[in-house]
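A closer look at the structure
Residue-level listing of the chains:
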Amino acid sequence: MTITWMFGAAILLPVLSGLFLLLRQGKIENRRLKCVGIFLVMALTALLAVALICSPDYELTVWRLTDTISLTFRLDGLARLFMGMTVAAWTLGGVFAFEYMKHEENEDRYFGFYLIVLGVLLALDQAGNLVTLYLCFELMTLTSLPLVLHNMSHEAVMAGLKYLFYSIGGAFTALFGIFYLFANGLTGSFTPGGYLSAGEISYTGTTGMTLFVLLLIIIGFGTKAGMFPMHGWLPTAHPVAPAPASAVLSGVITKAGVLAVVRVVFYMVGADFLRGTWVQYTWLTLALITVFMGSMMAYKEQLLKKRLAYSSVSQVSYIMFGLATLTVDGFVGGLAHFIFHSVIKDCLFLCAGAIIYNTHRTRVDELRGIGKEMPVTMWCFTIVSLGLVGIPPLSGFVSKWYLAVGALGSGTGVFTWLGPVVLLLSALLTAGYLLTLSIQAFFPGADFDYAGVKRHEVNALMTVPMVLYAAATLLLGMFPGALIGFIQNIASAVL
């Protein structure tokens, strides 16, 4: 099978399968057969994505609107990294959802859009120029909106509208910057290191205006990543979305904002153009504000899924901070944290979903002794929580080490020490809002009614994804060499 056919099949298979489910809503009576079919689509899509990941670099132009505007896709190291995480998270989240969504009235609609978003994300991961990136980014927002709206309650509709307005507003902000860059000569495909730093093209934009539009692009695409001041949609959308949807929203879709920022800064403009400018310092400031603010809000929050949502606000900006240092170590730490946080936060949301599914408890203060009832779920929760705090030998320690080293070597004045300090404070707060849950879950106190505890874990469809994520958190922390080496190759090409 040629690269073109594999590329088309990897994107169209989940999209067309999702459309089929939407058209046949409520008409497929054999649920077991339907779930097997959905799993086969996800598995085959994953195999096609892996085949593409293992293939040589390529660039495909599938539609040319004008001489300078085309839909172009390309495979490089960054695309491989994001594609791998996308199919892994989507497959495990889908398996979990087979049980979680069993009693939902709109199950077919959920899985229909779930599959469509998978295809759109694989296209976004391989976007080869600014136009393709923007179109896929907007399409991802529109197709993922029904995952937030799923139960169609008033709260869900309001959360969905907030998600839509924030996302579209952020993307339009970025679009203004894209228009400016495009109009002044940045019309080519993404290239490692960018164009302006190397001076390879005849660029007609002024330095001051270019810096301004770059800040707009960072803030605009940073909206999807939950970066201050455009973070408000995250803690609103997560509590109302189904748990497996929350997992992929936090683990993958928020990272689409990171991918877009990386493509513009490191593959179109170039890090040297930003280094030492007011835009770099503004970016660093916004990222650190988000890291600290998200951790503080998570520490105060009593709704379990909303606490995890605020945690995502904080943790995704770890990635943004690493990228903003414009150093190799910071870049490596940022992209490593993309993988590690995706694995950890997917697991945390699935654990929260298992608890809600089994006990209907949604508040933190209701989880006392839950470790006696659901020990496997809470052990997975505890292991990945330790990873998110950054306790060795779990994966979060590795990425945070590189982030700190990148900050210390960035030559950014006060940020060289302020960055590691804020990251440390955030880690302490993370321990406060996650590990206290584990302590109360396993050690509820002498006055707890141990005799009345009945152990009732969720079934294998929900347990296996959580266990695999917990195991990955440990293994990636103990043996990070291959992943770090892969990311270092990407970093060396762009910095």
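Model, not experiment: these values are computed from the prediction. (Residues numbered from 1 in each chain as written. Predicted model: local features only at pLDDT ≥ 70, side-chain atom pairs only at ≥ 80, totals over all residues. Heavy atoms only, no water.)

1. A short note on the environment of Thr473
- In this structure, Thr473 sits in helix 18 (residues 460–478).
- By relative accessible area, which is 0% here, Thr473 ends up buried.
- Taking the C-alpha atoms as reference points, Thr473 and Lys305, 168 residues apart in sequence, are found 20 Å from one another. (Helix = DSSP H or I, 4+ residues; strand = E, 2+ residues; numbered from the N terminus. Buried < 20%, exposed > 50% of the residue type's maximum accessible area, 1.4 Å probe, protein only.)

2. Here's the deal with the side chain of Thr223
- Structurally, Thr223 is set in the loop between helix 7 (207–222) and helix 8 (233–240).
- A distance of 3.2 Å separates a polar side-chain atom of Thr223 from the backbone oxygen of Gly220.
- Residue contacts for Thr223: discarding those within four places in its chain leaves Tyr166, Ser167, Gly170, Met230 and Trp233. (Polar contact = N/O pair within 3.5 Å; in protein donor to acceptor, adjacent residues only side chain to side chain. Contact = heavy atoms within 4.5 Å.)

3. A short note on the nonpolar core
- Core analysis: the largest hydrophobic core is formed by 180 residues, its most contacted members being Leu181, Phe221, Phe266 and Trp283.
- The dominant element in this core, judged by the number of residues it contributes, is helix 9 (residues 243–269), at 19 residues. (Core = buried A, V, L, I, M, F, W, Y, C linked by side-chain atoms within 4.5 Å.)

4. Describing unusual backbone geometry
- Omega for the bond connecting Phe228 with Pro229 falls within 30 degrees of zero, at 10 degrees, which places this linkage in the cis form.
- Of note, Pro229 is situated in the loop between helix 7 and helix 8.
- For the peptide bond that leads from Pro392 to Pro393, omega is 10 degrees, which places it in the cis range.
- Along the chain, the position of Pro393 falls in the loop between helix 15 (375–389) and helix 16 (395–408).
- Positive phi values are uncommon outside glycine, yet Met152 reaches one of about 60 degrees.
- Tracing the backbone shows Met152 in the loop between helix 5 (130–149) and helix 6 (154–183).
- The backbone phi angle of Leu326 is positive, close to 55 degrees, even though this residue is not glycine.
- Classification of Leu326 by relative accessible area gives buried; the value is 3%.

5. Quick word on the confidence of the model for the chain
- Counting all residues, the mean pLDDT for the chain is 90, and 98% of those residues have values of 70 or more.
- Highest mean pLDDT in the chain belongs to helix 18 (95); lowest belongs to helix 8 (84). (pLDDT = per-residue confidence, 0-100.)

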